[in-house]
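# Structural features, examined
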Amino acid sequence: MDRNKYLLLLFVTVLFFACSSQKSSIEEVFSVTANYASDEALLKKNLIHIASLEFNGRETGKPGQKKASQYLANYYRDLGILSPMENGNYFQEIPKEFFNKNTENGSENVLAYIEGTDFPEEILVISAHYDHLGNKDGQIYFGADDDASGTVAVMEIARLFQVAKKDGKGPKRSILFLHVTGEEIGLFGSKYYTSHPIFPLNKTVANLNIDMIGRIDKKHEKNPNYIYLIGSDKLSTELHDLSEQVNQTTEKLDLDYTFNSEKDPNRFYYRSDHYNFAKNKIPVIFYFNGTHEDYHKPTDTADKINYELLTKRTNLIFYTAWEIVNKEGRIALNTN
Ligand SMILES: [Zn+2]
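Just so you know, these numbers come straight off a predicted model, no measurement behind them.

## Describing the environment of L310
- Looking at the element boundaries, L310 is found in helix α8 (residues 307–326).
- By relative accessible area, which is 0% here, L310 ends up buried.
- Distance from L310 to L72, taken between C-alpha atoms, is 19 Å for residues 238 residues apart in sequence.
- With residues up to four places along the chain from it excluded, the contact list for L310 reads L43, L47, S149, V152, I213, G214 and I305.

## What to know about the UniProt feature "domain: Peptidase M28" (unreviewed entry) in the chain
- As annotated by UniProt and renumbered to match this structure, "domain: Peptidase M28" (unreviewed entry) occupies residues 109–319.
- Between the end C-alpha atoms of residues 109–319 the distance is 25 Å, and the span holds 29% helix and 24% strand.

## Concerning the coordination of the zinc ion
- Around the zinc ion, the protein contributes the donor atoms H129 (NE2), D146 (OD), D211 (OD) and D211 (OD), at 2.0 to 2.6 Å from the metal centre.
- Taken in chain order, the donor set of the zinc ion reads H-x16-D-x64-D. Note that D146 is positioned in helix α4 (residues 144–166) and D211 in the loop between β7 (204–210) and β8 (226–230), a separation of 65 residues in sequence.
- Taking the relative accessible area as the measure of exposure, D211 reaches 5% and is therefore buried.

## Description of the packing of aromatic side chains
- Inspection of every chain in the model, using the stated rule, returns 25 aromatic pairs.
- Look at F161 and F318: their rings are 5.0 Å apart centre to centre, the planes differ by 75°, and that puts the pair in the edge-to-face class. Residue F161 is found in helix α4, and its partner F318 is found in helix α8; the two are separated by 157 residues along the sequence.
- By relative accessible area, which is 0% here, F161 ends up buried.
- For F318, a relative accessible area of 0% gives the class buried.
- Through pairs of rings, three or more aromatic residues link up here, namely Y226, Y228, F259, F268, F286 and F288.
- If you follow K136 out to its NZ or CZ, it ends over the ring of Y141, 5.0 Å from the centre.
- The ring of Y269 has K234 lying over it, and the distance from NZ or CZ to the ring centre is 5.2 Å.

Criteria and cut-off values
- Residues numbered from 1 in each chain as written.
- Predicted model: local features only at pLDDT ≥ 70, side-chain atom pairs only at ≥ 80, totals over all residues.
- Heavy atoms only, no water.
- Helix = DSSP H or I, 4+ residues; strand = E, 2+ residues; numbered from the N terminus.
- Buried < 20%, exposed > 50% of the residue type's maximum accessible area, 1.4 Å probe, protein only.
- Contact = heavy atoms within 4.5 Å.
- UniProt positions renumbered as here; feature names shortened; annotations may be inferred.
- Donors = N, O, S within 2.8 Å, 3.2 Å for Na, K, Ca; no water.
- Phe/Tyr/Trp six-rings, centres within 6.5 Å; stacked < 30°, edge-to-face > 60°.
- Lys NZ or Arg CZ within 6 Å of the ring centre and 35° of its normal.

As structure tokens, then:
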């Protein structure tokens, strides 16, 4: 064999092992995650409850929202998932003044936390807002898709990580399950969290934000196996590639990037809670099903949710989170 052929063979061999070892690490992760999948019945039960009459549209600062925050805190307490707050309760209280006269009362974010086994100081934030538009002239805005769907997804992902932890497969990095308030009146809950962070923002490796994942928009009526992703490539190419790879290995949804374009007039990148993380140079992915005829109407109700699809989308986010918290190095920011 001549020297050039030898070098070529060596190069190809190294390339082969480099590629195959990268692949096998993702496959290893998914041989584990194959044992953990979202429970459609639980998602449905929780969603029907949160989007029920009892919570009266969950308007920020009103009794319905307070009931919802209690419901979330009780859920985590029952599962044995701890609060990261010093006083041990699950609430990050936000004073009335912070809301710029958009509410007559203070409100609270709800925080639950699983500590990482190997890199406890590095943290992934999985978020969804639990407030909605309330009750106007006796009409309840149930907000089943917006954003009871994201709320129950965060609850279910937390439950799965807790089950894995009990099996001795706790996450290597820490995870904060963050239910933010005040989204509908101006992204106040996430703004408060990022200006009063419980964990240092420079140790926050990524934010996966979920706002409306239970419905199908007009464009996808004939091909409902989709989800819009927004922001994934803006700060970290690595996060984008990881998200694509995880989807290919697991749920194989059609990942639609229409709204990710800077030219898109909807500017959704700036319109939900992830933006307050992105502003602080934290890589984000925003999961979103697009708008529909019941968007911000009293008709956004639990009976219109596609629970099978909600389950698949929740799985995708769970597996993506799994990879982020268990991979060898933390998600890298782009250098440019
Ligand atoms: Zn929303």
